[in-house]
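Residue strings, one per chain:
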Amino acid sequence: MPTLKDKSIIVTGAGRGIGATMARALAADGARLVIADRTEEDASAVAESIRATGGDAVAVTVDVRDRAAVRRMIDTAVASFGRLDVLFNNAGVAQTKPFLDITEEDWRFVTDVNALGVLIGMQEAIKTFRAQGGGGKIINTASIAGKQGYEPLAHYSASKFAVVALTQAAARAFGKEKITANAICPGVVATEMWKIIDKGFRDTGLTTAEDEAFNQFAAGAVLGRPSTAEDLVGVARFLASSDSDFMTGQSLLVDGGMVFA
């Protein structure tokens, strides 16, 4: 099993859902975690749950669109654990809107969090990796929507395509400094985000029953079920560990076989 003992890892959007599950798993493997979330209560609860089982975690609040807040988050990791080894850009938002109804405000809301937030996080982490003498890992949460566009999730899909592009660009730019960048592309995962997406389908009249959109999308998985957050843990552990040192610029689909790319 990959070892993460004493690795200093930041996970954004770690107050609930996929982020919380991954953070707890990484902590169980010996990593020291910064639990970053926009909601202080959620971040603190996850950090406390890790400490209660013998792990090492601190909580910070962050708006990933705010460079100064991201800088403070990274500085907290360095102050708490002596260095930063891995930044896991997991924070994200979703919105369901018919293509012709997407407004400039909608576009900025989704892309500022999902794409600009990833860019800022990567930039600030790379500055820290360089200050530490080089080397470091970035993991980004993309999506199957970063591999093909979905309607009425056009602006969400565009933001996740951007995450894939940023992952590839950073890999090319910083590989010689032993800084790697890879992404995880989940499929249909039973989280709060999918409840928002599902409600959006009902609000736009595309579906009528609760979980109808979720079930329709999940039916496309050849493994016969929707994903759970736990399904993503193995890949997260791999990408955070030395086992993935010779991998960079990749966006790994972990979707039960919804998209082949």
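Residues numbered from 1 in each chain as written. Predicted model: local features only at pLDDT ≥ 70, side-chain atom pairs only at ≥ 80, totals over all residues. Heavy atoms only, no water.

1. A look at the nonpolar core
Soluble globular proteins: nonpolar side chains tend toward being buried together.
Here is step 1 of the chain: Judged by nonpolar contacts, the single largest core of 33 residues is most densely connected at Ile10, Val34, Val62, Met73, Ile74 and Leu84.
Here is step 2 of the chain: Where this core is concerned, the elements lending two or more residues are strand 2 (32-37), helix 3 (67-81), helix 4 (104-131), helix 5 (154-174) and strand 6 (179-186).
Here is step 3 of the chain: Looking at this core element by element, the count peaks at seven residues for helix 4.
Here is step 4 of the chain: Apart from residues no more than four positions distant in its own chain, Val34 is found in contact with Ile9, Ile10, Val11, Val58, Val60, Met73, Ala77 and Phe81.
Here is step 5 of the chain: One finds Ile9, Ala23, Phe88 and Val254 within the second-largest nonpolar core, a separate group that totals 29 residues. (Core = buried A, V, L, I, M, F, W, Y, C linked by side-chain atoms within 4.5 Å. Buried < 20%, exposed > 50% of the residue type's maximum accessible area, 1.4 Å probe, protein only. Helix = DSSP H or I, 4+ residues; strand = E, 2+ residues; numbered from the N terminus. Contact = heavy atoms within 4.5 Å.)

2. Here's the deal with the packing of helix 1 (residues 17-28) against helix 2 (residues 40-52)
Here is step 1 of the chain: Orientation of helix 1 relative to helix 2, taken along the N-to-C sense of each, is 25 degrees, at an axis distance of 10 Å. On the basis of their axis angle, the class for helix 1 and helix 2 is roughly parallel. Viewed along their axes, helix 1 and helix 2 form a crossing whose handedness is right-handed. Of helix 2, the residues touching helix 1 (which contributes Ala20, Ala23, Arg24 and Ala27) are Val46, Ser49 and Ile50.
Here is step 2 of the chain: Of the residues in the contact of helix 1 with helix 2, the class split is five nonpolar, one polar and one charged. (Axes fitted to C-alpha atoms, helices over the stretch in contact; angles between N-to-C directions. Parallel < 35°, antiparallel > 145°, perpendicular 65-115°, else oblique. Left-handed = near helix turned anticlockwise from the far one by under 90°. Nonpolar A, V, L, I, M, F, W, Y, C, P; charged D, E, K, R; others polar.)

3. Some words on the sheet that holds strand 6
Here is step 1 of the chain: Across the sheet, which stays open at both edges, the seven strands sit in the order 3-2-1-4-5-6-7 with parallel pairing between neighbours. The open sheet is flanked by strand 3 (56-61) and strand 7 (251-254), the only strands paired with a single partner. Between one strand and the next, the sheet's axes are offset by a mean angle of 20 degrees, whatever the strand orientation.
Here is step 2 of the chain: Examined bridge by bridge, strand 5 (residues 136-141) and strand 6 share six bridges and lie parallel to one another. Bridged to Asn140 within strand 6 is Ala183. (Pairing = 2+ DSSP bridges.)

4. What to know about unusual backbone geometry
Outside of glycine, negative phi angles account for most residues, and trans bonds account for most peptide bonds.
Here is step 1 of the chain: Of note, the amide linkage connecting Glu151 to Pro152 takes the cis form, showing an omega dihedral of 15 degrees.
Here is step 2 of the chain: With respect to the helices and strands, Pro152 occurs in the loop between strand 5 and helix 5.
Here is step 3 of the chain: Residue Asp211 is not a glycine yet carries a positive backbone phi of 70 degrees.
Here is step 4 of the chain: Along the polypeptide, Asp211 turns up in the loop between helix 6 (192-203) and helix 7 (212-218).

5. Observations concerning empty space enclosed by the protein
The gaps of empty space that remain are located by a probe, the size of a water molecule, rolled over the atoms.
Here is step 1 of the chain: Per the counting criterion, the structure on display carries one cavity of 30 Å³ or more.
Here is step 2 of the chain: Approximately 30 Å³ is the volume attributed to the largest cavity.
Here is step 3 of the chain: Looking at the largest cavity, the residues that line it are Thr12, Val64, Asn89, Asn90, Ala91, Val113, Gly117 and Val118.
Here is step 4 of the chain: Per element, the largest residue contribution to the lining of the largest cavity is three residues, and it comes from helix 4.
Here is step 5 of the chain: Looking at the lining of the largest cavity residue by residue, the classes come out as four nonpolar, four polar and no charged. (1 Å grid on protein atoms, 1.4 Å probe; cavity = no way out; pocket = protein on both sides within 12 Å on 5 of 7 lines; lining within 4 Å. Points joined across faces, edges and corners; volume = space filled by probe spheres on them.)

6. Section: the environment of Ala169
Here is step 1 of the chain: Looking at the secondary structure, you find Ala169 in helix 5.
Here is step 2 of the chain: Separated by 12 residues in the primary sequence, Ala169 and Ala181 have C-alpha atoms spaced 8.8 Å apart.

7. What about the packing of aromatic side chains?
Here is step 1 of the chain: Counting across every chain of the model gives four aromatic pairs.
Here is step 2 of the chain: Measuring from centroid to centroid gives 5.8 Å for Phe201 and Phe217, while their planes differ by 75 degrees, and the two rings are edge-to-face. With Phe201 in helix 6 and Phe217 in helix 7, this pair connects stretches of sequence that are 16 residues apart.
Here is step 3 of the chain: A relative accessible area of 17% places Phe217 in the buried class. (Phe/Tyr/Trp six-rings, centres within 6.5 Å; stacked < 30°, edge-to-face > 60°.)

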